Amino acid sequence: MTTTDTKITYYTLPLSGLSCQGCVKKVTKALEDIDGVRIEDVDTQSLSLETWGESEQYSLRQAVSAIESLGYHVGYRHHFTLSGLNCGRCVAKVEAALDEQPTVFTHAVSKTHAEVHTSLSADALIEIIHQLGYQAARASDNDANVSTDNESPAQTDVRNANPETSEASEASEASEASEAKSSSVNNPADSSKASRQQYVLSGMTCASCVQSVENAISGVDGVASVSVNLAERSAIVKGSASSDAIVAAVANAGYGAEKVEDDNDRRERQQTQQANELKNFKRSTFAGLGLGAPLMAWGVFGGSMTIQSSQDQWAWGAIAVVTLLLLATGGRHFFANAWQALMHKRATMDTLVALGTGAAWLYSTAVVIAPALFPEQARHVYFEASAMIIGLISLGHAIEARARANTSKALDQLLDLQPPTALVIENGQETERPLDEVKQGMTLRVKPGAKVPVDGEVVDGSSYIDESMLTGEPVPVHKTAGDTLHAGTVNQKGGLTFKATGVGSDTMLARIIDLVREAQSSKPELAKLADRISAVFVPIVVAIAIVTAAIWYFVGPEPSVSYMLVTATTVLIIACPCALGLATPLSVTAAVGRAAEVGVLIRDADALQTAAKLHTLVFDKTGTLTRGQPEVTHVNAIHGDQERLMAIAASLEQHSEHPLAQAIVGYAKQQTLALPTSNDFNSESGKGIQAKIEGERYYIGNQAWMQAQGIDTDARQTDIDAMTQRGETAIYLANADSVQALIGVSDPIRDDAIDAIARLQQQGLEVIMLSGDHPDTANAIGRQLGIDHVIAGVLPDGKSEQIQSLQQQGKCVAMVGDGINDAPALAQADVGVAMGSGSDIAIESAQITLMHQHLGALADAIGLSQAAVRNMKQNLFGAFIYNTLGIPIAAGILYPFTGMLLSPVIAGGAMALSSITVVTNANRLRFFKIKSDDK
């Protein structure tokens, strides 16, 4: 890239998808009408052009957008898996490095992935990221490149534009950036889907199993990250590893894994697996309790549980055989899983159950076969303990399995939103076809009362669409030609014909489900603590059981052998770490699902945990606290008729695309004003416009523009101050002699903003507003909103610095913005919250996304996060306290004082009860009360 003295910049852009000279002509024609762009040379492989002027970056964005709108491609699209990025600051660091590269067009960066539209080679980008101290690798050997020439130097940047100082301009830039980035997000060639794989797992029973499976999958070449969910028996794997290698690794670790293609497939397999598990647990429960309960009742009501004669041997021998059959059927999975664990040199919950029940059976059988080898008082049998433990633990698993299924209901409801078929219009005929046969570009019809099957754009018709299940917004949205439809929403009255723009995994609903799924499978720091403990928990319990047995055998009272067996078995049974493994994943699953029900997307469990400890909320003003659409709110006609003056103002402003100018033109259209013809037009960016109307020169703009034209504004200062106090931006209309009118333009405050701010402040949160407006205007808006702390005059690139300054004061900060031009601040904040009705970029750039425009949902999200963290702590506390108190009691610590020992049967019941308690407590989050529930 070179730049001449006349500031003409030359670019060479690689092209792909052009197959003939007809394609070249299409590209040439598309670029001819773009201001500031001149084609030097173009063929099917590359394009050389030059740009000039202050808006050359915008011209380049237009050029790239124009080419790609024809179905051709500029540059390459690389997809990388990243590692070493631990927080939003790391993401911001990578984004800043990419922004510095003039050959990077667009990018979307998260902690684990990066999608980059560029002319640089993949190796060059990997080196840039490596220099930052992070690791990057291609997500697959076949990057989704739009060209195969990795060395073509595309010298352009379609991502960044010079920011305007006004908040209204930020909103305009946000719209342009959304269009530029959405092409990357929605491109069918995007390889991100290929890098994410889902698996349904089998054989897992506790937290140590989770650790084993995660370690096994992480060891496969090409795996960038893995998240295993014990509650759902599932795994999400990112990276370029083959599914066969992952399945083999899980199998080698002693577990089972099946790859699933989509969420419907996953749900079907999980439901089948859960049904089979529930059936087996019920069978084991009935068998175990059916045998154990009568035996226990026999002992409780005075029956002999000792071997005193040959008759006792025969009777209890028969019971030994029946108990063995129970262990080999109802308890088979405990022993099979324990054996697998032993083969892989680890210990799990099943190890403890198998050791406890097996030891009780072996000891009792030895007493039956050779009672003479044992002291008379030690000839007690414990077959009822083995049977009851199997029955009680199976009962706990059955209740737990049923409750676990309920935690995924929110996700299942999202899956059920999409209908199985669609009405396709072909050759004027309507045919009902399965959803998987619907292709992008097809024309479809949705009848009144029917669900929209895929994303699309309305071609014909008018109706109201209920989007509440997707966005949480209860008010139906009116849709006409040109409007967007989303899969899963419900058509209320009129019929609509629309063109499919997103099908299958490319619909917004599918992307939301992916995000909810990943969030439910992620782990907060609290869960990682539990994982570290569970990794050594079972071996420590086994060691405690051995020490307990030794103490009772050598220093315990007679019959020491019986006491040794009872205490060791009880320690093994009561310490099962089921509750520990379920404590956090169930809470996360329930909370994320509940949030999704009300239109709040929480990206991962860390965001959930961080949101619970927020101290400060920083709001971008435009489009967040305000509507993002400036309106004329006051007109002060000083000399002349108001309608005529506004017609003159609109005639001048119709040449400008500035949001404030569009507000004046929109006002004139609403008032149906006839606009006079203007000529000899001239403008100065950021200041104002001048033109002749009916032979007289008029000026419109800000105060600096008026002063530059020699027009006195001092006499109107009182009026200007009044406008500023109302939060309006003053626009002057003048002729060569004096100011003719003052026009107040403001971005109206959102209807729900004041109530939402009050709710957040009632929650004890500090609320700050960031604005690029003049301090007087910004403070006036802040007073209307009830916000005391206003930071004004902030450019878009200075927002992240403001966030960093607050963090340096020790505050946990959330940034609330539109997710596009606020991206650096969103990344810098401890939690980024995006607005924007679920736009693709908002979803990609923030940890929390409010799918609808009600700010009150943020208060709900923070309240739900706090409830979820409390719930996790309650579960973990209960699990830790249960084991901390239960193990010493099981070991017999109370025996010297009370003469009491805990029965293995009671221990089995307590262990099952602990898991049931954790599951039930987590499910309370599904009924978390939200303010919208009262409406």
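The structure presented is a predicted model; accordingly, all values stated were derived computationally and were not measured.

Calculation rules
- Residues numbered from 1 in each chain as written.
- Predicted model: local features only at pLDDT ≥ 70, side-chain atom pairs only at ≥ 80, totals over all residues.
- Heavy atoms only, no water.
- Helix = DSSP H or I, 4+ residues; strand = E, 2+ residues; numbered from the N terminus.
- Buried < 20%, exposed > 50% of the residue type's maximum accessible area, 1.4 Å probe, protein only.
- Contact = heavy atoms within 4.5 Å.
- Axes fitted to C-alpha atoms, helices over the stretch in contact; angles between N-to-C directions.
- Parallel < 35°, antiparallel > 145°, perpendicular 65-115°, else oblique.
- Left-handed = near helix turned anticlockwise from the far one by under 90°.
- Nonpolar A, V, L, I, M, F, W, Y, C, P; charged D, E, K, R; others polar.
- Expected span 1.5 Å × (residues − 1).
- Polar contact = N/O pair within 3.5 Å; in protein donor to acceptor, adjacent residues only side chain to side chain.
- Core = buried A, V, L, I, M, F, W, Y, C linked by side-chain atoms within 4.5 Å.
- Phe/Tyr/Trp six-rings, centres within 6.5 Å; stacked < 30°, edge-to-face > 60°.

1. Focus: the environment of Ala591
By the secondary structure assignment, Ala591 is in helix α19 (residues 585–597). For Ala591, a relative accessible area of 0% gives the class buried. Excluding its chain neighbours within four sequence positions, the residues that come into contact with Ala591 are Leu608, Leu864, Ala868 and Leu925.

2. A few points about the packing of helix α9 (residues 310–329) against helix α11 (residues 349–369)
Packed helix pairs are specified by the crossing angle of their axes together with the interaxial distance, meaning the distance between the axes. Remark: α9 packs on α11, axes separated minimally by 9 Å, with the N-to-C direction vectors making an angle of 155°. Taken together, the axis directions place α9 and α11 in an arrangement best described as roughly antiparallel. As α9 runs across α11, the sense of the crossing is left-handed. In this structure, α9 contributes Gln313, Trp316, Gly317, Ala320, Thr323, Leu324 and Leu327 to the contact, and α11 contributes Thr357, Trp361, Thr365, Val368 and Ile369. For the contact of α9 with α11, the class distribution of residues is seven nonpolar, five polar and no charged.

3. Things to note about helix α22 (residues 642–653)
Taking 1.5 Å per residue as the helical rise, α22 with its 12 residues ought to reach 16 Å, and the 16 Å between its terminal C-alpha atoms agrees with that figure. The buried count for α22 comes to nine of 12 residues, which makes it a mostly enclosed element. Listed in full, the buried residues belonging to α22 are Leu645, Met646, Ala647, Ile648, Ala649, Ala650, Ser651, Leu652 and Glu653. Regarding α22, its N-cap is Asp641, as a side-chain oxygen of that residue lies 3.1 Å from the backbone nitrogen of Glu643 further along.

4. Examining the packing of α19 against helix α31 (residues 856–891)
In the contact formed by α19 and α31, the axes pass within 9 Å of each other and the chain directions differ by 165°. On the basis of their axis angle, the class for α19 and α31 is roughly antiparallel. Considering only the axes of α19 and α31, their crossing is right-handed. Contacts from Ser587, Val588, Ala591, Arg594 and Ala595 in α19 reach Leu864, Ala868, Asn871, Met872 and Asn875 in α31. Its residues assigned to classes, the contact of α19 with α31 comprises six nonpolar, three polar and one charged.

5. Regarding the nonpolar core
In terms of nonpolar packing, the biggest core is built from 57 residues, with Val600, Leu614, Leu617, Phe619, Leu760 and Leu858 touching the most fellow members. Of all the elements, α31 adds the most residues to this core, at 10 residues. The next biggest cluster of nonpolar side chains, apart from the first, holds 50 residues, and it includes Ile319, Val381, Val541 and Ala907.

6. A closer look at the environment of Val600
By secondary structure assignment, the location of Val600 is in strand β22 (residues 600–602). Apart from residues lying up to four places away in sequence, Val600 is in contact with Ala595, Ile848, Thr849, Leu850, Ala857 and Ala861.

7. Some words on the packing of aromatic side chains
Inspection of the entire model under this criterion finds six aromatic pairs. Measuring from centroid to centroid gives 6.2 Å for Trp316 and Phe383, while their planes differ by 20°, and the two rings are stacked. Taken as a pair, Trp316 in helix α9 and Phe383 in helix α12 (residues 383–407) lie far apart in primary sequence, 67 residues in all. A single burial state applies to Trp316 and to Phe383, both of which are buried. Aromatic rings pair up to connect Trp552, Tyr563 and Tyr895 into one cluster.

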